Protein chains: 2
Amino acid sequence: MTLVFSQTRPFDLVELEQLLASVGWSRRPVRRVRRALDHSLLKVGLWRHDSRFPRLIGFARCTGDGILEATVWDVAVHPIYQGSGLGKKLMAYILQSLREIGVRRVTLFADPGVVSFYKAQGWILEPRGHKCAFWYAN
Amino acid sequence: MTLVFSQTRPFDLVELEQLLASVGWSRRPVRRVRRALDHSLLKVGLWRHDSRFPRLIGFARCTGDGILEATVWDVAVHPIYQGSGLGKKLMAYILQSLREIGVRRVTLFADPGVVSFYKAQGWILEPRGHKCAFWYAN
């Protein structure tokens, strides 16, 4: 099995939403997802290579200003490919890509279930008592 | 005293860093700040109007993809202008601006000292157990 990371290969948005749904993210309108991808700082696909039927099995993206702040969103590895370190490799790939463009601090909002995953990779939870805050439009 | 919000008026970066330092943010190289502002989704200045010497007394900016995610950074109101609701007005202005471009969820990382400030304006702290995570480059 050959796996390929790519920042440039285009996404089939239906396949992407299926991947995100497989790890429990709620569905979002394709039109909004397309615009969000177009305006992301970085988007990374992890592909299972197959000359005829390549499959998207992992994904993550970042927003940010490209220098002071970068925030990671929509991290997913398809459940049947989990447990073999791909999530860790995906995050390492993203951090290396951000480092190369000069970003020295990266942030994310971690679900309770993945806090230990990020901690194990050197992420600091709630540094200096920071709390994450969400605001939702009515 | 006339106060003006603006998304378009250019910033004197030295004045901006002085403002941010006045509320305790650590200083950052001007070159990096300029690039970060250039690539921010939204940047808002709060100006004390004066035809000869306008003063920057408040600031905030957002990064994001412009539709699914927007994150607020560098919120500041100069200490001598605090306590009269300007911070609240600044946040309301930002949320309204984001709402107008179609953003329905906004996020931020709150210092311990301002958690109650955001809570009082309808922000939800750590929804569904979310934790904020930071990664720093070596």
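The residue count restarts for each chain, going from 1 along the sequence in the order it is written. For this description, chains carry letters from A and ligands carry numbers from 1, given in the order in which they are written. Totals for whole chains, interfaces and linings use all residues, but because this is a predicted model, local features are given only for residues with pLDDT of at least 70 and pairs of side-chain atoms are given and counted only at 80 or more. To obtain the side-chain values, all non-hydrogen atoms of the structure were included, while hydrogens and water were left out.

**Student:** What is the right way to read the packing of helix α1 (residues 13-22) of chain A against helix α2 (residues 30-38) of chain A from this model?
**Tutor:** Each pair of packed helices gets described by two things: the angle between the helix axes and the distance between those axes. Residue and element names in this part refer to chain A. Between α1 and α2, the shortest axis-to-axis distance is 11 Å and the interhelical angle comes to 95°. One way to sum up the angle between α1 and α2 is to call them roughly perpendicular. Residue-level inspection shows L13, L16 and E17 of α1 in contact with α2, the latter providing V30, V33, R34 and L37. Each residue gets one of three labels, nonpolar for Ala, Val, Leu, Ile, Met, Phe, Trp, Tyr, Cys and Pro, charged for Asp, Glu, Lys and Arg, and polar for the others, Gly among them. When its residues are assigned to classes, the contact of α1 with α2 shows five nonpolar, no polar and two charged. Lines fitted to C-alpha atoms define the axes here, with helix axes fitted over just the stretch in contact, and angles between the N-to-C directions of these axes take values from 0 to 180 degrees. Put simply, DSSP H or I for four residues or longer makes a helix, DSSP E for two residues or longer makes a strand, and each gets a number counted from the N terminus. An angle below 35 degrees is read as roughly parallel, one above 145 as roughly antiparallel, one from 65 to 115 as roughly perpendicular, and any other as oblique. Two residues qualify as a contact provided that any one of their heavy atoms is within 4.5 Å of a heavy atom in the partner residue.

**Student:** Explain the sheet that holds strand β7 (residues 131-136) of chain B to me, please; I cannot follow it from the model alone.
**Tutor:** Strand pairing in a sheet relies on backbone hydrogen bonds. The paired strands run either parallel or antiparallel. Only strands that DSSP links by at least two bridges are regarded as paired with each other. The sheet built from seven strands is open, its strands ordered β1(A)-β2(A)-β3(A)-β4(A)-β5(A)-β7(B)-β6(A) with mixed pairing. Looking at strand neighbours, the two that pair on one side only are β1 (3-6) and β6 (124-125) of chain A, the edges of this open sheet. The pairing of strand β5 (residues 105-110) of chain A with β7 of chain B spans six bridges and is classified as antiparallel. Note on β7 of chain B: the bridge partner recorded for A110 of chain A is K131 of chain B.

**Student:** What is the right way to look at the interface of chain A and chain B in this model?
**Tutor:** Interfaces are frequently sized by the accessible area removed from exposure as the parts join. Contact with chain A, which involves 50 residues of that partner, is made by 50 residues of chain B. A buried area of about 5000 Å², summed over both sides, lies between chain A and chain B, and 59% of it is on carbon and sulfur atoms. In short, buried area is how much 1.4 Å probe accessible area vanishes from two parts on joining, totalled over both. Broken down residue by residue, the surface that chain A buries against chain B is led by R32, F134 and W135 of chain A, which jointly contribute 17%. The term salt bridge refers to a side-chain nitrogen of Lys or Arg lying within 4 Å of a carboxyl oxygen of Asp or Glu. Linking chain A with chain B are four salt bridges. K131 of chain B is the salt-bridge partner of E126 of chain A, the closest N and O atoms lying 3.8 Å from each other.

**Student:** Could you clarify how one ought to interpret the environment of S84 of chain B in this entry?
**Tutor:** By secondary structure assignment, the location of S84 of chain B is in the loop between β4 (70-77) and α3 (86-100). A distance of 3.4 Å separates the side chain of S84 of chain B from the backbone oxygen of Y81 of chain B, its partner in a polar contact. Any N or O atom pair separated by 3.5 Å or less is treated as a polar contact, with the protein-specific requirement of one donor-capable and one acceptor-capable atom, and with residues adjacent in sequence counted only for side-chain atom pairs.

**Student:** What should I look at first to understand the packing of aromatic side chains in this one?
**Tutor:** Within a pair of aromatic rings, the relevant descriptors are the distance that separates the centres and the angle that separates the planes. Aromatic pairs are defined between Phe, Tyr and Trp rings, using the six-membered ring for Trp, whenever the two ring centres lie within 6.5 Å; interplanar angles under 30 degrees are classed as stacked, those over 60 as edge-to-face, and all others as tilted. Scanning the entire structure with this criterion turns up 17 aromatic pairs over all chains. When the ring centre of W47 of chain A is taken as origin, the NZ or CZ atom of R9 of chain A, which lies over that ring, is 4.5 Å away. The criterion for a charge sitting over a ring is simple: Lys NZ or Arg CZ within 6 Å of the ring centre, and within 35 degrees of the ring normal.

**Student:** Would you mind going over the nonpolar core with me for this structure?
**Tutor:** Where a protein is soluble and globular, its nonpolar side chains tend to be buried together. Only buried residues count toward a nonpolar core, which is a set of Ala, Val, Leu, Ile, Met, Phe, Trp, Tyr and Cys residues joined through side-chain atoms within 4.5 Å. A simple rule labels every residue: compare its accessible area, found with a 1.4 Å probe on the protein chains alone, to the largest value its type can have, and call it buried under 20%, exposed over 50%, or partly exposed in between. With 28 residues, the main nonpolar core has V72, I94, L98, V106, L108 and W123 of chain A as its most contacted residues. Of all the secondary-structure elements, those providing two or more residues to this core are β2 (42-48), β3 (55-64), β4 (70-77), α3 (86-100), β5 and α4 (115-119) of chain A together with β7 of chain B. Among residues more than four places away in sequence, those in contact with W123 of chain A are V72, M91, L95, V106, T107, L108 and Y118 of chain A together with A133, F134 and W135 of chain B. Residues L42, M91, L95 and L108 of chain B belong to the second largest nonpolar core, which totals 27 residues.

**Student:** Would you take a moment to explain the relation of the copies chain A and chain B for this structure?
**Tutor:** Note that the two copies of the chain are related through a rotation about an axis and a translation along the same axis. Superposing chain A onto chain B takes a rotation of 180° plus a shift of 0.0 Å along the axis, which leaves an RMSD of 0.0 Å. Given the turn and translation reported, the copies of this chain are related as if by a two-fold rotation axis. Relative to the rotation axis, the C-alpha of C132 of chain A is the closest in chain A, positioned 2.7 Å from it. Same-surface contact between copies: 100% of interface residues of chain A are shared with the interface of chain B. Least squares is the method used to superpose the copies, on C-alpha atoms of residues holding a pLDDT of at least 70 in both.

**Student:** What's the story with unusual backbone geometry in this structure? I'm lost.
**Tutor:** Keep in mind that most residues, glycine aside, have a negative phi and that most peptide bonds are trans. Residue and element names in this part refer to chain A. We note that E126 has phi near 45°; this positive angle belongs to a residue other than glycine. Checked against the element boundaries, E126 lands in the loop between β6 and β7 (131-136). Residue R128 is not a glycine yet carries a positive backbone phi of 50°. With respect to the helices and strands, the residue R128 is situated in the loop between β6 and β7. Classification of R128 as exposed rests on a relative accessible area of 62%.

**Student:** Looking at this structure, I do not really get the pattern of salt bridges. What am I missing?
**Tutor:** Should their charged atoms come close, side chains of opposite charge can pair. Scanning the model with the defined rule gives 16 salt bridges over all chains in all. Across the pair D74 of chain A and R28 of chain A runs a salt bridge whose closest N-O atoms are separated by 3.2 Å. Linking D74 of chain A in strand β4 with R28 of chain A in the loop between α1 and α2, this pair joins segments that are 46 residues apart in sequence. For the pair shown, D74 of chain A and R28 of chain A are each scored as buried. With a closest N to O distance of 4.0 Å, E15 of chain B and R55 of chain B form a salt bridge. In this pair, E15 of chain B sits in helix α1 (residues 13-22) while R55 of chain B sits in strand β3 (residues 55-64), placing the two residues 40 residues apart along the sequence. Overlapping salt bridges, with partners in common, bring together E17, R28, R61 and D74 of chain A together with D65 of chain B in one network.

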